[in-house]
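# Structural characterization, general
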Amino acid sequence: MADELSLDGLAKKTSADVFAALATSEKGLSPQEAAARLKTYGLNEFAGKKKLQPLFIFLSKFRNPLQILLIVAAIISGILGSHIEAVIILAIVFGSAFIDFLNTYKSAQAAEALREKVTITAAVIRGGELKERNMREVVPGDVFILGAGDLVPADAIVIEAKDLFLNEGVLTGESLPVEKTADAAGGRTVFLGTSVVSGKATAVAVATGARTSVGTIADKLKRPDAPTEFEKNLKDFSMFIFRTTLFLVLAVILLNIFVIRRDPLEIFIFAVAIAVGLTPELLPLIVTSNLAKGAIEMSKNGVIVKKLAAIHNFGGVDVLCTDKTGTLTEDRITLIKCVDATGAESEETNLWGYLSSKNLTGVRGVLDDAIENFKKMDVSGWEKVDEVPFDAERKLESVIVKKGKDTVLIAKGAPEEILKISDHYDGHISVTGKAIKPKKITSALRAKITKEYEALSADGFRVLALGIKEVAHKTTPYDKKDEAGISFVGFLAFLDPPKKSAKDTLAKMAAHNVAVKIITGDNYLVTKKIMDEIGLPIVGWYNGDAIAAMHEHEFKKKVETANVFTRVNPEQKEMIIRLLRENGHVVAYMGDGVNDVLSIKEADVGISVNNAVDIAKETADIILLRKGLGEIIDGIVEGRKTFANTFKYLMMALSSNFGNMFSMPIASIFLPFLPMTAPQILLNNFLYDSSQLAIPFDRVDTEFLARPKKFNIVFMKKFMYIFGPLSSLFDFATFGVLLYVLHVNGMAFQTGWFLESIATQTLVVNIIRSKFNFWQNGGPSRALVLATFGAVMVGWGITYSFLAPAFGFARFGIYPVLLILAIVAAYLLLVEVAKKYFYKRYEYLIEK
């Protein structure tokens, strides 16, 4: 039905014919018909939302070519007669994959549940009832209302429109707004995904989902999210490990086959097992688990993460740019007084302001709501004629109203801008219909008006000014030229009290080395008043005019020191954020309006709030359920925790684990037997990896959280070059004890080294997790202690269990065990000492 109808063809029909063709009406579809069409056309999505598929996730755990090689080698080994070894290898490989799958699936479910908390809605009429509904549930034939900041929920035909301007950049690449009308002879088609800049409209959906203009080219428009800095560094780290692993494995294979002349299949399985041990295959899981845990913790504080990868950037934030409304203030804006140019209470100012806000269809803000709620005015007889929408350059908007023969333009906006276009005062037809003689605005009067404005601002009031002008009634649209020569009326003074918690929150920001920069549309005086009250010093400020007069190269230096920017337009906001990023900062920006979208997109972390306009929520990485700085700093700290715990796993992989796997190929060259069999290596790796799943639940040092850290591959390499050989040194000490003190070889040697290896590489995380003594700052979490010691106990227990023969383990008496325990203790003690030297010398590499 609807998908077979041409959008362009319908646009040429009358509204009645459009309704008839789509089998709908002005009252919209009935709920029953809407449900039926939802089944027919499906959800309003481009390609259908991909549901979590457990089987696919499980199979994806076998993308690692090393695992595939092990499976193939184990099957071949079983065919050749080594059945027990083959079963053990396959059991460990599939067991590891299953544990990885369970944790990955759980993390994916948690992330999806969080994303569902943030939905984009559309104002849809069904059965004559207007209600906000999930945009995914819009179907062809639905009638919906559009307003400033809304995303268009479907390809549709405009039925009614007033001053409707859309941004169609998603389709055309053009940033200039396009006007839409209900005229069959003009442009009355609107498209899914475009956004309303100003005005309002009623439209009827023709096509949804993949049938829309955007849906048909969705695959071409899709671009993978740009990798974060952390993800780029993680890729570099993985390539470094891959190259190192490849070198060691090739060396083992070539030397053992061509020099020592061992069985090729046995050496191949041994070498692949070493590669598995060297490869931090749980790295993606640890990263995802950390991010999911961080996202869940943040959601408890009202912070919803739309893109998990943004958490790493969030933790790296060192500059937060935001307006003061709702962050430093309570976001409870109230109109306190309406005054004339001299500061006297004015009923006239109140009424003109009320008429303006009541008839506004453009970008409505909290100030318009405050005006309407201040006092209900009798505006009977007045009807709206037109409006000139707000724009960031003029910093004002105009509404044209009519009563009888009088047509009046009411301009409302920034006092400086209203005063610029005012040439007289008190010269107009008053609300009583009585003519008032105009007074020319002299320089003295202008100064007096400005002084009154500054006095209100200095008292902490947000101020709007009003001007009016009698204009000729016309049928063509009014524009900004009609605003020239208005008569100044007076001021509307609003109050938004500072938050009581602002001081403590700003102190917490400072303690975590996050600089706060205020970017506001208000003037300097009202901003200063608020900042004085909360104790945030102004160290430098610039207004929009000063920024416009400066060369960008010069402003790039100034933006570092200034922390207040007033009367700025959207392009200037975006430039401030871009220049801060170019200066090396990780920048978060919080905004909730149409004019904030460019800045949200430019920032490393775009933040919006749940009651923001649709386009702001769609663009943001993170959504706040409650607007405030407290939620933001809590999120930043949580982001730093995820980085810290991921960092611990990487250091684990580069210390004892790497050292043990490095020792193995060397030992294989000099020993007449393999130092450890492939099943023993895989069991070691399986137990070690399992213990590391507790890392996301570990504590993080307060000092580590105090400032953002960076991923530095040089730091990682230096860590490996020191702690890898240190681990190998104790491996060789173990070899010496086993060979020359205990005089064992073969199975007993392999058992002894397994006991030392699983203990050193697993327990060492309790030491290297912090630069401080392992017992300081609360020490490792209970979960990490239980997981690591539990893995060691299980490993050691297997050597004494009924499984020992299957893995080729010998049973040790108390004396060999005590010697191995002494080696493990000495190793952990030396690591405790060495890490202090390492951090003292190289910690600067990860400091921002």
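Residues numbered from 1 in each chain as written. Predicted model: local features only at pLDDT ≥ 70, side-chain atom pairs only at ≥ 80, totals over all residues. Heavy atoms only, no water.

## Re the packing of aromatic side chains
We apply this condition: A pair of Phe, Tyr and Trp rings is counted when the ring centres sit within 6.5 Å of each other, with Trp represented by its six-membered ring. The angle between the planes then sorts it: under 30 degrees is stacked, over 60 is edge-to-face, the rest tilted. Strands here are runs of E lasting at least two residues and helices are runs of H or I lasting at least four, both read from the DSSP assignment and numbered beginning at the N terminus. Exposure classes here rest on a 1.4 Å probe applied to the protein chains alone. A residue is buried below 20% of its type maximum, exposed above 50%, and partly exposed in between. Distance and angle both matter: a charge sits over a ring if NZ of Lys or CZ of Arg is within 6 Å of the ring centre and within 35 degrees of the ring normal.
Applying the stated criterion to the full structure yields 24 aromatic pairs. Each ring, one from Tyr-542 and one from Phe-555, has its centre 6.2 Å from the other, and the planes form 90 degrees; the classification is edge-to-face. In this pair, Tyr-542 sits in strand E19 (residues 541-543) while Phe-555 sits in helix H21 (residues 552-561), placing the two residues 13 residues apart along the sequence. For Tyr-542, a relative accessible area of 19% translates into the label buried. When the ring of Phe-838 is compared with that of Tyr-839, the centres are 5.8 Å apart and the planes differ by 85 degrees; the resulting orientation is edge-to-face. Across the pair, Tyr-839 and Phe-838 agree in class, each one buried. By way of ring pairs, the aromatic residues Phe-643, Phe-647, Phe-704, Phe-715, Phe-719, Phe-723, Phe-838, Tyr-839 and Tyr-842 are connected into one cluster. Looking at Lys-474, its charged tip hangs above the ring of Tyr-478, at a distance of 4.7 Å from the centre.

## A short note on the environment of Met-550
Heads up, the rule is: Contacts: residue pairs with any heavy atoms within 4.5 Å of one another.
As for its position among the elements, Met-550 is in the loop between helix H20 (544-549) and H21. Those residues within four positions of Met-550 in sequence are excluded, and the remaining contacts are Tyr-542, Phe-555 and Lys-558.

## A word on the sheet that holds strand E9 (residues 319-322)
To be explicit about the condition: Here, a strand pair is defined by DSSP locating no fewer than two bridges between the strands. In this analysis an axis means a line fitted to C-alpha atoms, helices contributing only their contacting stretch, and an angle means the value between N-to-C directions, from 0 to 180 degrees.
Taken together, the eight strands give an open sheet; going across it, the order is E8-E23-E22-E21-E9-E18-E20-E19, and neighbouring strands pair in mixed fashion. Of all strands in the sheet, those with a lone pairing partner are strand E8 (303-305) and E19, marking the two edges. When the angles between neighbouring strand axes are averaged without regard to direction, this sheet yields 20 degrees. The sheet contact formed by E8 and strand E23 (residues 622-624) spans three bridges and is antiparallel. Along E23, the bridge assignment pairs Val-303 with Leu-624. Sheet strands in contact with H21 are strand E18 (515-520), E19 and strand E20 (564-566), and its direction is about 120 degrees off that of E18.

## Quick word on empty space enclosed by the protein
Note the cut-off: Of the grid points, spaced at 1 Å and generated over the protein atoms alone, those admitting a 1.4 Å probe that cannot get out make up cavities, while open sets with protein on both sides within 12 Å along at least five of seven lines make up pockets; any residue with an atom within 4 Å of a point is treated as lining. Grid points are joined across faces, edges and corners, and a volume is the space filled by probe spheres set on the points. For this classification, Asp, Glu, Lys and Arg are treated as charged, while Ala, Val, Leu, Ile, Met, Phe, Trp, Tyr, Cys and Pro are nonpolar and the rest, including Gly, are polar.
As enumerated under the stated definition, the model contains two cavities of 30 Å³ or more in all. Put simply, the largest cavity is a space of about 190 Å³. Asp-701, Phe-704, Arg-769, Ser-770 and Lys-771 are, among the 17 residues lining the largest cavity, the residues nearest its centre. Secondary-structure elements contributing two or more residues to the lining of the largest cavity are helix H25 (629-654) and helix H28 (702-705). Residues belonging to the lining of the largest cavity are distributed by class as follows: eight nonpolar, one polar and eight charged. By volume, the second largest cavity amounts to about 30 Å³. Lining the second largest cavity are Thr-121, Ala-122, Ala-123, Phe-144, Ile-145, Leu-146, Asp-150, Leu-151, Pro-153 and Asp-614. For the lining of the second largest cavity, the per-class residue count stands at seven nonpolar, one polar and two charged.

## Thoughts on the pairing of strand E12 (residues 396-403)
By the criterion of burial, E12 is predominantly enclosed, with six of the eight residues buried. In the sheet, strand E11 (residues 383-391) pairs with E12 via six bridges, with the strands oriented antiparallel. Bridge pairing links Glu-387 to Val-399 in E12. Taking the residues between adjacent antiparallel strands as the criterion, E11 and E12 are bridged by four residues, where Lys-395 takes a positive phi near 60 degrees. The antiparallel hairpin formed by E12 and strand E13 (residues 406-413) contains two residues in its connecting segment, where Gly-404 sits at a positive phi of about 65 degrees.

Taken by themselves, the reported measurements are silent on function.
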